[in-house]
Amino acid sequence: MVEPAIKIEDLSYIYSPETAFAYQALSNINLTIQGETITAVIGHTGSGKSTLMQLVDGLLIPTNGSITVGKVKVTPNSSKEDFAQLRNHVGFVFQFPESQLFADSVIQDVMFGPLNLGMSENAARRNAKEALERLSFPTNLYERSPFELSGGQMRRVAIAGVLAMDPKILILDEPTAGLDPNGRKELMQLVQQLHEEGKTIILITHQMEQVAEYADQVVALSHGQVAFNGSPHELFDDQSRLQKIGLVAPQTVRFAQKLQEQGVHITKLPMNVDELAEEIIKVKKGMTGYGK
Amino acid sequence: MGNKVIFGIYVPTNSIIHRLDPRLKFMVCFWYVILVFFANSVLTNIWLGLVLLIFMRLSKVSTKMYWSGIKTLMWVIIVTALVQLFFSAGGHTYWQWHFLSITSAGIVQSIYLILRFAYIITISTVLTVTTTTLQLADAIEHLMKPLKYIKVPVNQIAMMLSIALRFIPTIMSEVQTIMNAQRARGMDFSQGNLFQRAKKLVPVMIPLFVSSFKRAEELAIAMEARGYDPNRERTKYRVLTWQSRDTYALLLVVLISIILFALKIVF
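Residues numbered from 1 in each chain as written. Chains lettered and ligands numbered in written order. Predicted model: local features only at pLDDT ≥ 70, side-chain atom pairs only at ≥ 80, totals over all residues.

As recorded in an unreviewed UniProt entry, chain B goes by the name Energy-coupling factor transporter transmembrane protein EcfT, listed as coming from Limosilactobacillus coleohominis. Under Function (unreviewed entry), UniProt gives the following word-for-word description of chain B: "Transmembrane (T) component of an energy-coupling factor (ECF) ABC-transporter complex. Unlike classic ABC transporters this ECF transporter provides the energy necessary to transport a number of different substrates." (UniProt positions renumbered as here; feature names shortened; annotations may be inferred.)

Named according to an unreviewed UniProt entry, chain A is Energy-coupling factor transporter ATP-binding protein EcfA2 originating from Limosilactobacillus coleohominis. Check the Subunit (unreviewed entry) section of the UniProt entry for chain A; it says "Forms a stable energy-coupling factor (ECF) transporter complex composed of 2 membrane-embedded substrate-binding proteins (S component), 2 ATP-binding proteins (A component) and 2 transmembrane proteins (T component)."

Here is the structure:
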């Protein structure tokens, strides 16, 4: 049994407290994220997704409550070192991470994280190369300036920069935003692969197709509160709740629901195209069986 | 933004000062700074301080905001006051060591200096907490209009100014995001000596410059796509109108100034 990787208790966060601009971004969040799973975090812009993730990465100090990652627990009174520890456990790929590149060459930029963790030059270089290879980044571009690369390549370098730190938990904030269909597919395959290798993955996304296809657990945030926490199946099965949160089920689910409305018997909500095809085949077989 | 009270940021309390014409507020702020340099006696300083306190109360903005402004520049004030204290001559000498000395004139001068700093910072804070940056830009543009006759490109300068002001919060939040991204990559900004800390700014400044240039280019294209021509006369969406309360406020400031000069001459 895998222990919970992240445990969040009664967590609240207020931006600029005690000023005219005070803003409660999160209130009373209680969440458990199991290790070695993919958790999708969804919700509208401003629902508190990014704030929650920054808290998990120890970038913000909670106003109330606690966060436990592995054996490290932080509360509003924790020391700086505790928050730094949190950051060592968690890798965070920000939205549009290519905007954080700064070094003279690709390889040096990827080595930045490992070196900050106190690795030796050689170990950092090894990690960096491994990470770049995982993202199938062309070897002949390692010494190139990151600013001469295309947008998609820059994204890979930035993600490699986080992977090179070899975090147990990886947070990805809309990693596929702005990528072409191929880039999107490759990146999601990598996410799947990392998950199979035992990493805990938290994926912030607006793409319900990604949620359905990859996530083990879905957390929907709305106005800084947890509006739903469960499996993608449960989420997409309840249309009235979906509507209340303001979400639309993925196309495969909607397709199956349309079929159901027409009286076709679907046993299991299909989370991707393959599953949908299987369901249809099952129904078809059933029908020909009837004919005989 | 973060958790800090950012000094001088607009606070929407909709007080009487908020509703005054930004041109008036800008000119009064400027005039007050000039007056501060005329105040060189106990009474005139008390008078200016009293006036400032009334402004602060009228603005309905918490004293904490004003205090944070002075706190930010505290070191500058202290260092300047110490220089004034140790290097002035005149009056009774209390203490002397080589070229350093503390004299009665020096003490008085450094107290006035501290007050001047505090007054100037606070009056500027009164202006910025009660006036949005857009209003300020409008006011400056208006006040610069006469310069058109000596061929100063007032329209362009005003556009530059309002764009610059408009992007300050954007860039601030960008700095925050980039810093967070680098902190997530294991960077610790709070450790190391001055030189090490300066070096740590590189991973923040370079991405910031890159994105700022990119943003400037995109903005320029977007403006041209919408037909912006820097040489054309522009009309205003927000028209500044001088109201009777602005006239009363102006008269009040004239009265304040007369009292100040009277105090200076009579005592």
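Draft legend 1. Quick look at the nonpolar core. Ranked by internal contacts, the top residues of the largest apolar core, which has 84 residues, are V56, V110, A160, I171 and L203 of chain A. The biggest single contributor to this core is helix α5 (residues 151–163) of chain A, with seven residues. With residues up to four places along the chain from it excluded, the contact list for V110 of chain A reads A128, A131, L132, V157, A160, G161 and A164 of chain A. Listed in part, the 18 residues of the second largest apolar core include M56, M65, I123 and V126 of chain B. (Core = buried A, V, L, I, M, F, W, Y, C linked by C-beta atoms within 7 Å. Buried ≥ 20, exposed ≤ 12 C-beta atoms within 10 Å, placed from the backbone. Helix = DSSP H or I, 4+ residues; strand = E, 2+ residues; numbered from the N terminus. Contact = placed C-beta atoms within 7 Å.)

Draft legend 2. The arrangement of the UniProt feature "transmembrane region" (unreviewed entry) in chain B in detail. All names here are of chain B. Here the UniProt feature "transmembrane region" (unreviewed entry) sits at residues 30–56, 68–89 and 248–266. Helix makes up 86% of residues 68–89 and strand 0%, and the two end C-alpha atoms of the span are 33 Å apart. Within the segment residues 248–266, helix and strand shares are 100% and 0% respectively, and the terminal C-alpha atoms sit 26 Å apart.

Draft legend 3. Examining the sheet that holds strand β10 (residues 225–230) of chain A more closely. Residue and element names in this part refer to chain A. The six strands lie next to each other as β6-β7-β8-β3-β9-β10, forming an open sheet whose pairing is mixed. Of all the strands in the sheet, the pair left with one neighbour each is β6 (90–93) and β10. Taking each pair of neighbouring strands and ignoring which way they run, the sheet shows an average axis angle of 15°. Judged from the four bridges that link them, strand β3 (residues 38–42) and strand β9 (residues 217–222) form a sheet pairing that is parallel. Bridged to V41 within β9 is V219. Across the sheet, helix α6 (residues 181–196) lies against β3, β7 (169–173) and β8 (200–204), angled at about 150° from β8, the strand it touches most. (Pairing = 2+ DSSP bridges. Axes fitted to C-alpha atoms, helices over the stretch in contact; angles between N-to-C directions.)

Draft legend 4. How the structure looks around the environment of G161 of chain A. With respect to the helices and strands, G161 of chain A occurs in helix α5. For G161 of chain A, a count of 30 C-beta atoms within 10 Å puts it in the buried group. Not counting residues within four places of it along the chain, the set of residues in contact with G161 of chain A comprises D109, V110, F112 and G113 of chain A together with R185 of chain B.

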